[in-house]
Every structure is written in C-alpha cells, then in structure tokens.
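Fold and contact review
Residues per chain, in single letters:
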Amino acid sequence: MRPNYLMTASTMKRIIIAALAVAGSFAMTATAQKPWDNGRLRVSANHQYLVHDNGTPFFWLGNTAWLMPERLNRDEVEFFLTREHEQGYNVEQIQVLDSNYPTFNVFGQQAFDESFDFAPYTKAGVYGYWDHLDYIVDMAERQGIYIAMDCIWGGQIKRLTPEGAARYGHFIGQRYKDKPNIIWMIGGDIMGDKGMESWDALARAIKAEDPNHLMTFHPRGRTTSAWWYNDREWLDFNMFQSGHRRYGQRNGDGDYTIRDNTEEDNWRFVAMSFGDRQEQIAGREVKGAMKPVLDGEPSYEDIPQGLHDFSAPRWQDYDVRRYAYWSVFAGSCGHTYGHNSIMQFMRPGVLGSFGAEKAWWDAMRDPGYLQMKYLKQLMLSVPFTEGRNDQSVIASPNGERYDRIIATRGNDYLMVYNYSGRPMQIDLTRITGKKKNVWLMNPADGSLAFLGEYDSRKAQDFTFDGAYLRQSDRVLIAIDADKNYLHKAQTSIMP
C-alpha cells in the first residue's frame, strides 16, 4: 500500500493561514518581471556562467525538490513555491519519473507503463499525472522559478532502451518546449557510463523538439558529468554531486571517487570540471571546451553524514554554507541547496528515508534553508559573471580541509570565504584602485560590517573576532573605492 501523502485537516489549515499571509506578495509576483523577460538562458561568452539573451546575469540558486510531482497536492505546491520565491530560490530540481515503478502522484494517477506509452496517461482526468506536472510548471512560472526536470531517475535506466528513451524524449520535449521556465536534466544520481546510449537518445530527442532550453546531466555522488558528457552537443553546462560524506568516509567506492580524505572538498569538482589536471582522477579526463558547472547535490541540511547510519552526526547550517561558498567562489555558476525532509517532502505518518523526521514545512524554517539567499544577493551585488577563482589573492599560506580559504575576484572587486576564522593575509593589489573599501559579511545572517578604506597592499592582515571553527565563517569583501557596488553605511547584503 502506498502511503497517504495528503495533509491532515489541521495541517492544511495551518498551510492555508500561512498562504493567506503572503497573498499580497503572491499577487504582486504574478505581474512582476520574470527572469525570462530578459530572454532565454544561455551560456556566457567566457563559458563559465549563465546569462539571458539581453546579457542579464543569472545566478542559479536551486533547491532539491525531487518528489514534488509525486507527493504534493495543488494547495501544497502553491504554498511551497510561494515560500521558495520569498527565500530567493529560482530553480527547483524535480524528478519527473522517480526511482519507483510505476510512478504515481498524490492523487493516485499513474505516469507511464512498461512500454513507455504515455498516451493512456495523458487523457483529461482528475489531476492526472501529467496534468498535475503541468500545474507545477505553471505555478513555478507565476513565481518566476525555473523547473529543472530530471526526466527519469537513474535507477530506471534498466527499463529504458534507446528506442524507448527517444519516444519519451519526443513526448516530454514536445509537451514543455513552449514553457519559458524549463531546464532539462538528464541522468539522476547515476554513474555517467551506465546506459549511455539511452541517455544520449533521450537528450537528443528532447533537443530535437526543444532546442531553446538548457540541458545538463545529474551524476552519482562524488562524480561530475564532465567526465562523460562534456563533449556532447546536447550538454550546455555540467553538474556534479559532491555528495553527503565526511572526510575519510569512503565505504569502498572504488576509483571513481575523489582522492582519499578529500570527500568534503567540493571545490575540487569545479576544478575537475574545468579540466584542471592537478585535480584529475586517473582515467577521468575531461574532453571538449570548458562549460559552466555547479554543485547540483551537496550535503543536505539535517541528513546523516554518510546517509545510512542514522546515529551519525547530521549536516548543519554551517556545513551547507561552506559547501555553497566553496563551490561558488571556486567558479560555479550557482548552487543547489538541499534538505533531507524537503527533498522527499517528509510529513507525519510517513516512514522517511535517511532518518528524516521533520515535516517539510517545518524544515523550511531551518537556518541553512533561510541563509542561501545571502549568497545569491552577494553575487548579484557585483558583476560576478566577470569574476573567476583566483587563489593568488590569498597572500598567506593556505590551509587544508576546514582551513581552506577560497577567493574569487573580478577586475574591481574580490571576495574571500574563510570558514574556520583563521587569520589571513590578502593581496589587495589583485584588483583595480589605489584605495579599497573593505567589508566583512556574516553568511549566517547577511550582516555587513564596514572595516574601512585600505591602501593597496600585497599582504594586508585580516583577523576575525571569533572563536576558531565555532560558526566563525565570514566573507571578506574588498571593492575599488571608486565603485559603489556596496555603500559604507550598508549593514546588510539584502536590499
């Protein structure tokens, strides 16, 4: 028997009250400018970022909402996407067909059968599977949110022949090609060399119907799509899954994982995807030109370290912050957040996976979930698509693991993420300007502290007033004093 994913009456009452509280902002959202009003998404000229046709930068701030099509009813979809918009999320990563066969939605409607014939399941009916997915896409459009459709989860690849994949690709590509808020995702938590013919067939069939929306591949944990598909004509940007394991937690992965004791170093995957030979794994060379990349599945908030031992420590808000800033400052075009309860839409009365116990609507109050918007706003406050990772900004000896300091800079700004709070020296000559205005940002609350105007020096000392490794992570921001990206009196990164 499938669990009942519908809310209780009391819970629904709480949801409706909360939804009414944001009704005003929801109404304004329906008429506010949407991202795609700037044109469709494309890859930037420097092959590192995503921008719109008119040149407007797009910073991907995603959430893993994998089971939304299967587990949320329509009221819940509206509530969830409204809340996501309020918190700055602009991409929802969903499973269209999940790892279970057959796939049903919350209304008991089936998605497909063994023959991958979708005709019997697309007829008009009461909240049919595809009708409900249409509703999700349309509701996300009203909120200015992209839907990154993982077309079929990797575990189903054994059912999907290249011929069936092509039929499915033509079907789903035709259905959603005219929606402005679609991003295609091939794969789904699977090694890229498993079922390659079927993945290629699926991707090419979608592109034949819809050449206008971007496409990526979601790989297995501790791998990057760049190892297998970087040279494919259908792949517009790469995605890696840094995974959920802590340093030294291998569990016999074999030779496809990153090096021993570097499991949390998600910044390494950015370097790998860009073809950095120092970070390459034997036999995993990246072929083809550089493409944008992002971490599509880092360690989730409130999930056990390593996933399967529910007594293990759980990843906290400061962990998800570290993964986000390490990846973006290494050169990613954005970042995807995840929460153990939100990704599976956990609720009372349902046996959750990976030890999840918290209701998904309560998880949307957790600190890490609420903190991701500060990263997005920080990057949008400067011309970040002109930026690049530049570790030469760090003038003092760098550290390893949690002491790793990471820097990004443009021509007239630089930003340094320091997780542990260790003292550091920064080379302020790496950007323009005889004088530099310097701030310290707390990524836990977005607060800004103006440190002063500094002369341009190659080794300027900065020491944080905080305990070592006690949630002391900070972002140092230095900007050419002739620029006004931030104001001296500004106390928050949020507008």
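Preceding this paragraph is the structure being described.
What counts, and where the lines are drawn
- Residues numbered from 1 in each chain as written.
- Predicted model: local features only at pLDDT ≥ 70, side-chain atom pairs only at ≥ 80, totals over all residues.
- Heavy atoms only, no water.
- Helix = DSSP H or I, 4+ residues; strand = E, 2+ residues; numbered from the N terminus.
- Rg over C-alpha atoms; globule rule 2.2 N^0.38 Å.
- Buried < 20%, exposed > 50% of the residue type's maximum accessible area, 1.4 Å probe, protein only.
- Contact = heavy atoms within 4.5 Å.
- Areas by Shrake-Rupley, 256 points an atom, 1.4 Å probe, with all protein chains shown as cover.
- Lys, Arg positive; Asp, Glu negative; His and termini not counted.
- Charge placed at Lys NZ, Arg CZ, Asp CG, Glu CD.
- Pairing = 2+ DSSP bridges.
- Axes fitted to C-alpha atoms, helices over the stretch in contact; angles between N-to-C directions.
- Salt bridge = Lys/Arg side-chain N within 4 Å of Asp/Glu carboxyl O.
- Phe/Tyr/Trp six-rings, centres within 6.5 Å; stacked < 30°, edge-to-face > 60°.
- Parallel < 35°, antiparallel > 145°, perpendicular 65-115°, else oblique.
- Left-handed = near helix turned anticlockwise from the far one by under 90°.
- Nonpolar A, V, L, I, M, F, W, Y, C, P; charged D, E, K, R; others polar.
- 1 Å grid on protein atoms, 1.4 Å probe; cavity = no way out; pocket = protein on both sides within 12 Å on 5 of 7 lines; lining within 4 Å.
- Points joined across faces, edges and corners; volume = space filled by probe spheres on them.

In terms of helices and strands, the chain carries 13 helices and 20 strands. Since a compact globule built from 495 residues should have a radius of gyration of about 23 Å, the 22 Å found for the chain is in line with a globular shape. Based on the C-alpha atoms only, the size of the chain along its principal axes is roughly 70 × 55 × 50 Å. The buried share among the 495 residues of the chain stands at 61%. In the chain, the share of contacts with a sequence separation of at least 24, taken over all contacts with a separation of at least 6, comes to 70%. Element-wise, carbon and sulfur atoms account for 49% of the exposed surface of the chain, whose accessible area totals about 18,900 Å². Taken together, the 55 basic and 62 acidic charged side chains of the chain have centroids lying 2 Å from each other.

In this section: the sheet that holds strand β17 (residues 435-442). Ordered in space as β13-β14-β15-β20-β17-β18, the six strands form an open sheet in which the pairing is antiparallel. Two strands bound the open sheet, and with one partner strand each, they are β13 (388-389) and β18 (447-455). Examined bridge by bridge, strand β15 (residues 413-418) and strand β20 (residues 474-480) share six bridges and lie antiparallel to one another. From the neighbouring strand, M415 faces β20, where its bridge partner is I477. Along the sheet, helix α10 (residues 317-330) makes contact with β13, β14 (405-409), β15, β17 and β20, crossing β15 at roughly 145°.

This paragraph deals with the pattern of salt bridges. Should the charged atoms of two oppositely charged side chains come close, the side chains can pair. Tallied over the entire structure, the rule returns 25 salt bridges. D265 is paired through a salt bridge with R268; the nearest N and O atoms lie 3.0 Å apart. Of the residues examined, D265 reaches a relative accessible area of 3% and is grouped as buried. A salt bridge links D412 to K483; its shortest N-O distance comes to 3.9 Å. Taken together, the residues span a long stretch of sequence, with D412 in the loop between β14 and β15 and K483 in the segment after β20 at a distance of 71 residues. Residue class for D412 comes out buried when judged on its relative accessible area of 9%.

Attention now moves to the packing of aromatic side chains. All told, the structure shown has 36 aromatic pairs when counted by the stated rule. With 5.6 Å between their ring centres and 65° between their planes, W60 and F237 make a pair best called edge-to-face. Residue W60 is found in strand β4 (residues 60-64), and its partner F237 is found in the loop between α8 (226-229) and β10 (238-241); the two are separated by 177 residues along the sequence. The exposure class of F237 is buried, given its relative accessible area of 0%. Ring-pair connections join several aromatic residues into one group, and the members of that group are Y101, F112, F116, F118, Y129, W130, Y168 and F171.

Axes are the key here: two packed helices are described by the angle between their axes and the distance separating the axes. Put simply, α10 and helix α13 (residues 367-380) touch, their axes get as near as 9 Å, and they point 25° apart. By the criterion of interaxial angle, the relationship of α10 to α13 is roughly parallel. Crossing hand, α10 versus α13: right-handed. Touching D317, V320, R321, A324, Y325, V328 and F329 of α10 are P367, G368, Q371, M372, Y374, L375, L378 and M379, all from α13. Its residues assigned to classes, the contact of α10 with α13 shows 11 nonpolar, two polar and two charged.

Turning our eyes to something else, we now look at the layout of surface pockets. Computed from the structure, the second largest pocket encloses a volume of approximately 430 Å³. Lining the second largest pocket are 20 residues, and of these Q33, P35, N90, G144 and K376 sit closest to its centre. Counted by class, the lining of the second largest pocket contains eight nonpolar, 10 polar and two charged residues.

With antiparallel pairing, the three strands of this open sheet are ordered in space as β1-β2-β3. At either end of the open sheet lies a strand with only one pairing partner, and these are β1 (41-43) and β3 (57-58). Judged from the two bridges that link them, strand β2 (residues 50-52) and β3 form a sheet pairing that is antiparallel. Considered in β3, the bridge of L50 is made with F58.

By themselves, these observations are geometric and do not establish any function.
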